[in-house]
Amino acid sequence: MKYQTIKYHEMSTEMLEQLRIGAFFTTKVGDKVNTMTIAWGGINIVWNKPLFVAYVRFSRDSHEMVEKSCEFTISVPLKKDMRKALAYCGTKSGRDVNKIKEMNLTLAPGRVVETPVLSDCELHYECKVIYKLPMEHGLIPQDVKESYYRHDDYHIIYYGEIVDSYIIKGEK
Ligand SMILES: Cc1cc2nc3c(=O)[nH]c(=O)nc-3n(C[C@H](O)[C@H](O)[C@H](O)COP(=O)(O)O)c2cc1C
């Protein structure tokens, strides 16, 4: 396995194209590693730092995990067809199943953070949460509320400073 370090913005077009389809948001607490599919978010510059911004509903196991770990990794499939794993990790909860094991996903240790990345994917961001913001219910347009928040399961927005970004090449 070969690591190629990239600048945080170097692959942002490819990342955003794939994010709409799905990427993996991975968390680790103690020995437990969980991953879930995300499609909302992106890279922002705030306080002069590059941040990966992710939207996580309060109901997710991943929310509970990231609240404890204060870090996450984002793994983005660029070439490999990971639709099956994205669908599974986007519908099953880490409270009920070990998604990594069930989908036969491979973990590679984080280079800076404690949380691993999914080496089945090519593009990776390691992130440390430096800010978070629960959505302000009163500010959400009514039509958006009706489409996305009928059960009041709002998102909390995590701002993860990108502390490492790279491509993993070669066999896992
Ligand atoms: C394509 C796709 C995109 C998704 N994007 C998000 C997202 O951005 N934020 C979120 O909270 N859930 C999102 N989900 C839903 C979670 O992945 C799903 O509820 C998952 O089972 C949560 O797992 P967990 O309970 O182990 O955290 C998405 C699901 C799919 C299929």
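Residue indices begin from 1 for each chain and proceed along its sequence in written order. Confidence filtering applies because this is a predicted model: local features only for residues at pLDDT of at least 70, side-chain atom pairs given and counted only at 80 or more, and all residues used for totals across whole chains, interfaces and linings. The side-chain figures draw on all heavy atoms in the structure; neither hydrogens nor water molecules are used.

Things to note about the pairing of strand E6 (residues 71-76)
Phase 1 of the analysis: Among the six residues in E6, six count as buried, and that is most of the element.
Phase 2 of the analysis: Each residue is assigned to one of three classes by its accessible area relative to the maximum for its type, calculated with a 1.4 Å probe on protein chains only: buried under 20%, partly exposed between the two thresholds, exposed over 50%. Strands here mean DSSP runs of E at least two residues long; helices mean DSSP runs of H or I at least four residues long; both are numbered from the N terminus. Of the two faces of E6, both are covered, the one formed by Glu71, Thr73 and Ser75 as well as the one formed by Phe72, Ile74 and Val76.

A word on the site of the ligand
Phase 1 of the analysis: Close to the ligand lie 20 residues; Tyr55, Ser62, Lys92, Ser93 and Gly94 are nearest.
Phase 2 of the analysis: Any pair of nitrogen or oxygen atoms within 3.5 Å is treated as a polar contact; in protein, a donor-acceptor pairing is required on top of that, and neighbouring residues in sequence qualify only through side-chain atoms on both sides. For the ligand, an oxygen atom lies 2.8 Å from a polar atom in the side chain of Asn34.
Phase 3 of the analysis: In this structure, Ala39 approaches the ligand through a main-chain N or O atom, which is 3.1 Å from a nitrogen atom.
Phase 4 of the analysis: Protein chains shield 82% of the accessible area of the ligand, which is 650 Å² for the free molecule.
Phase 5 of the analysis: When contributions to the shell around the ligand are tallied by element, the ones reaching two or more residues are strand E3 (32-38), strand E5 (49-57) and helix H2 (61-69).
Phase 6 of the analysis: Tallied by class, residues from the shell around the ligand come to eight nonpolar, seven polar and five charged. When we say a residue is near a molecule or strand, we mean one of its heavy atoms is within 4 Å of it. Method for areas: the Shrake-Rupley scheme with a 1.4 Å probe, in which residue coverage is limited to the protein chains shown. Classification convention: Asp, Glu, Lys, Arg as charged; Ala, Val, Leu, Ile, Met, Phe, Trp, Tyr, Cys, Pro as nonpolar; all other residues, Gly among them, as polar.

Structural notes on the pattern of salt bridges
Phase 1 of the analysis: The rule for a salt bridge is simple: a side-chain nitrogen of Lys or Arg has to be within 4 Å of a carboxyl oxygen of Asp or Glu. With the rule as written, the count across this model stands at eight salt bridges.
Phase 2 of the analysis: A salt bridge links Asp120 to Lys80, with the shortest nitrogen-to-oxygen separation between them at 3.9 Å. Of this pair, Asp120 sits in the loop between strand E8 (117-118) and strand E9 (123-134) while Lys80 is found in the loop between E6 and helix H3 (83-89), placing the two residues 40 residues apart along the sequence.
Phase 3 of the analysis: Exposure remark for Lys80: the relative accessible area of 43% places this residue in the partly exposed category.
Phase 4 of the analysis: In this structure, Asp81 and Arg83 form a salt bridge, with 2.8 Å as the shortest nitrogen-oxygen distance.
Phase 5 of the analysis: By relative accessible area, which is 52% here, Asp81 ends up exposed.
Phase 6 of the analysis: Salt bridges sharing partners connect three or more residues here, namely Lys32, Asp61, Glu64 and Arg95.

Thoughts on the nonpolar core
Phase 1 of the analysis: Among the nonpolar cores identified, the biggest contains 23 residues, and Phe25, Ile38, Phe52, Phe72, Ile74, Leu123 and Tyr125 are the most heavily contacted of them.
Phase 2 of the analysis: Listing elements by their share of this core, those giving two or more residues are helix H1 (12-19), strand E2 (23-29), E3, E5, E6, E9 and strand E10 (155-169). Buried Ala, Val, Leu, Ile, Met, Phe, Trp, Tyr and Cys residues that are joined via side-chain atoms within 4.5 Å together make up what is termed a nonpolar core.

Remarks on unusual backbone geometry
Phase 1 of the analysis: Unlike most non-glycine residues, Asn104 shows phi in positive territory, near 55°.
Phase 2 of the analysis: Locating Asn104 in the fold gives a position in the loop between helix H4 (99-102) and strand E7 (107-108).
Phase 3 of the analysis: Of the residues examined, Asn104 reaches a relative accessible area of 60% and is grouped as exposed.
Phase 4 of the analysis: For Asp152, which is not glycine, the phi dihedral falls at a positive 60°.
Phase 5 of the analysis: Here Asp152 shows up in the loop between helix H5 (142-148) and E10.

Re the pairing of E10
Phase 1 of the analysis: Among the 15 residues of E10, 12 are classified as buried, and the element is accordingly described as predominantly covered.
Phase 2 of the analysis: For two strands to be treated as a pair, DSSP must find no fewer than two bridges joining them. Of the pairings in the sheet, the one linking strand E1 (residues 2-5) to E10 comprises four bridges and is antiparallel in character. Following the sheet pairing, Tyr3 is matched in E10 by Ile168.
Phase 3 of the analysis: The sheet contact formed by E5 and E10 spans seven bridges and is antiparallel. Among the inter-strand pairings, Tyr55 is bridged to a residue of E10, identified as Ile157.
Phase 4 of the analysis: Pairing of E9 with E10, which is carried by 11 bridges, proceeds in the antiparallel orientation.

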